[in-house]
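Working through the structure, step by step
If you want the building blocks of each chain, they are given just below.
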Amino acid sequence: MRQRRPAPSRLIVCAAHAAIVSAAGAAALGAQTPNGVLGGMVVAAETHAPLAGARVALASPLRVATTDARGAYVLRRLPAGRYELLVTAIGRAAARDTVVIRDGAATRHDVVLSAGSLLLSSVIVSATRTPTLASQVASSVNVLGPEQVAASPARESQDLLREIPGVELPRTSSLVGGTAQIVSIRGVDEGRTAVLLDGVPINDAWGEWIDWGRAPKGSIDRVEVVEGGTSHLYGNGAIGGTIAFYSRPVAPGTLEAQVEGGSRGARHGFVSAGVPIAGALTAELSGDYQQGGGYTLLDPAVRGAVDGPSAVIQRNASLRLRYAPVAAWSAFVAGHRFGDSRSLGTPLSFQSRDQRDVQLGVDHQAIGGGALSVRGWSGRQDEFNRASSIRAGRAAEDSSVLADIPSHDWGGSLAWTRSGVLHLESLTLGGDYRHYSGNYDERDYNTTCPGASCGTLARRILSGGDQALSGAFLQAIAMPVSALRLELGLRADRWVDANGRAVDASGTTRYPDSARSRLSPRVGVRYQVASGLALRGAYYEAFRAPNLAELYRKQINATASQITLPNPYLIAESARGREIGFDWQPRDWAQVKGTWYVADYRDFNVPVTLTAAQRTPECGAAATCRQRLNVSRSRSRGGEGYVALYPIPALFISGAVNYDDARVVAGPAGTIPGAPINRVPSPKQTIRATWTSAALGDLTAMWRHEGQTTTLQGLPLEPFTVVDASLRRELAPGLRGLVAVENIGDTRYQVNVAGTGAAAIFSYGMPRTIRVGVEVHRD
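Calculation notes
Residues numbered from 1 in each chain as written. Predicted model: local features only at pLDDT ≥ 70, side-chain atom pairs only at ≥ 80, totals over all residues. Heavy atoms only, no water. Salt bridge = Lys/Arg side-chain N within 4 Å of Asp/Glu carboxyl O. Core = buried A, V, L, I, M, F, W, Y, C linked by side-chain atoms within 4.5 Å. Buried < 20%, exposed > 50% of the residue type's maximum accessible area, 1.4 Å probe, protein only. Helix = DSSP H or I, 4+ residues; strand = E, 2+ residues; numbered from the N terminus. 1 Å grid on protein atoms, 1.4 Å probe; cavity = no way out; pocket = protein on both sides within 12 Å on 5 of 7 lines; lining within 4 Å. Points joined across faces, edges and corners; volume = space filled by probe spheres on them. Nonpolar A, V, L, I, M, F, W, Y, C, P; charged D, E, K, R; others polar. Phe/Tyr/Trp six-rings, centres within 6.5 Å; stacked < 30°, edge-to-face > 60°. Lys NZ or Arg CZ within 6 Å of the ring centre and 35° of its normal.

Now for the pattern of salt bridges. Summed over all chains, the structure comprises 55 salt bridges. Shared partners join several salt bridges into a network, and the residues in it are Arg 192, Glu 208, Arg 544, Glu 550 and Glu 573.

The biggest cluster of nonpolar side chains holds 35 residues, and the ones touching the most others in it are Leu 161, Val 167, Val 223, Ile 243 and Phe 245. Those elements that provide at least two residues to this core are β11 (140-144), β14 (194-197), β16 (220-227), β17 (241-247), β36 (624-648) and β37 (651-666). A per-element tally of this core places β16 first, with 4 residues. Core analysis: the next-biggest nonpolar cluster, separate from the first, contains 21 residues, Ala 44, Ala 54, Tyr 73 and Leu 75 among them.

This structure, assessed with the given rule, holds 10 cavities of 30 Å³ or more. Empty space within the largest cavity amounts to approximately 210 Å³. Forming the walls of the largest cavity are 18 residues, and the residues nearest its centre are Asp 159, Arg 162, Arg 704, Asp 724 and Glu 742. Secondary structure elements with two or more residues in the lining of the largest cavity: β39 (697-706) and β42 (720-732). Looking at the lining of the largest cavity residue by residue, the class counts come to 7 nonpolar, 4 polar and 7 charged. Taken as a whole, the second largest cavity encloses approximately 140 Å³ of empty space. For the second largest cavity, the lining is made up of 19 residues, of which Pro 201, Arg 214, Gln 355, Gly 379 and Asp 409 are closest to its centre. Going through the elements one at a time, β15 (200-201), β23 (350-367), β24 (370-390) and β25 (397-419) are the ones with two or more residues in the lining of the second largest cavity. The greatest single-element share of the lining of the second largest cavity, amounting to 5 residues, is contributed by β24. Each residue belonging to the lining of the second largest cavity can be placed in one class, and the counts come to 5 nonpolar, 8 polar and 6 charged.

Our focus in this paragraph is the packing of aromatic side chains. To describe a pair of aromatic rings, one takes the distance between the centres and the angle between the planes. Applying the stated rule across the entire model yields 11 aromatic pairs. Taking the centre distance of 4.2 Å and the plane angle of 10° together, the rings of Phe 720 and Tyr 749 count as stacked. With Phe 720 in strand β42 and Tyr 749 in the loop between β43 (735-742) and β44 (750-754), the pair connects residues that are 29 residues apart, well separated along the chain. You can call Tyr 749 buried: its relative accessible area is 8%. When the ring centre of Tyr 597 is taken as origin, the NZ or CZ atom of Arg 186, which lies over that ring, is 4.3 Å away.

Right, here's the structure in full:
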């Protein structure tokens, strides 16, 4: 039997070493490059006081700086040319200025920001696939900017999203439990939300699972969340909405590093460096390593000899070569390696994922009078799972299933946007193609133990297939009058399911190919009633094609009494949603926004026990034969509200609440109409407060509450409340210390339950966790 052990990746170590060595020589290399430097101050309009934490960005080549405590910023090694500078800060109106850079010269450009939105001060890309002020879009959006990401007590990227109550996540951190992670928005349930990293999907090819570790928190510049269907832009899978992570650009000649240690042996290190190579060619290197911090999830009262703490090792290494000869265009090619190895709390239960991918892209600001963005990617993933069967009394366990799940995901996308064409504010045309292929190679072992057959191979099942998805979209944004903004989007998608097969002891079964298509429209309206009040509304249709696991995976239980058949005839799931909302800022220091939404979901595919009339020869002699069918309908309706207060310059407070009433409308036999959708907590509430002072630094505290919810099997979990906090303080120029505490009160809260009544076995969430570390930044 194969044994796999978590082990640090030498690739990470090499990447980190290369980054540090290369950064040490960056100054000498940079001396050969006569590029310009842009710097200046960002100040408040009413007081001319410096603004710390403002984001200063150029689009091409992509460069970002954050102002320091003096309000100063600097962007180095810029090719000569004309640039658009975008400056944003919480509570300030965004500023767009044009600057001219000359080779070998330093250009000073100071920026004055007037008072503006507290909740919608950022620029958002994912809502329209073009940079737009968040305060202008006709969507329900949230953005966590660089300072909010850095100050968050969260250890990893998934936990950043817990601040946004419309996003539904498992109660456990993604560093605990299995490698396959899920997310939902507005009660749509798992696998129905698009998740992107720098514009490239990271939902995996086999089951649309998400590896949050592929986007380590240390590398994140900002997070954008668009709630409500976005299939008109992103096609398949965006029924609930879109979550977009954007990496922090690594400028030539810079070095960033972070080292942390914490409770239960938690260790984390991150390093990135930008290295000038020759002329307009630069290299961006980064590495991230994370280990430890696990704990024993099970209730101490039911633990046995096999139960121990969970354990995880995650490794990331990336290299990006960027070519930016002039201000108008740039191109890159990148390679990324990700590894995740984890023990699930017993000696035999183990999962691992190894991901290798290559990406390339071109951004041009002057094609046909507009801006063109092209992306391509190819990624291969090898996943390994080992599950075990626990004997009575939890004194021993036996391997029950070994599974290898290799998959390949490749594709490309392009989007072109032009302003002022056909009397429109903007027109965006685009398209994309994505091809999946994957297999599920499962070996089942006898677990009648002790006994002569214990540990012997019972069966082997190989399932797999391919899927190709392509789509084209058009989005027109018009402002017929200055107060009215109209967003009209339409996308056509087509997908082909092919090469489906299942191989077991009975032989090889091949499934027919199929092709289907879908149109996804959206209409959004935003009306500025007054200077501080806007109303918005939207109607959309969205869809999700069945994934490879749903189409082609064949399953047989340990005793062969139950079989679950593939279903290559599954059709797309669909959604029709509508929402209305408002954004109201009665004072510079106070803002409120809210949204009411209703979404109807149809044709969701769920496992169904086949009747005698529905059984096929492939069911064989199994007493129970099951298959996924498009028979479930549900409705999600609810409301969410956000409030922000900025009473004094040192204190920023924000809060949010979401009530999501997601219920089943109809389904297979035995369905109870009106039953709640599983794993949708309601209500969800958060309060975040940040106090900033020269003596203390940045102190952030976050209060979170989740209402009652259910497990995947429909078993209830009780509400809980936790408080997290972090402190970041500058110790010396370029050196910052940090302390973070999650679950300060060491609250014991339920995250899962197996069994009912007296036989119920509960698992619990992360206990108090303390992390201490330092951050280094060098230009």
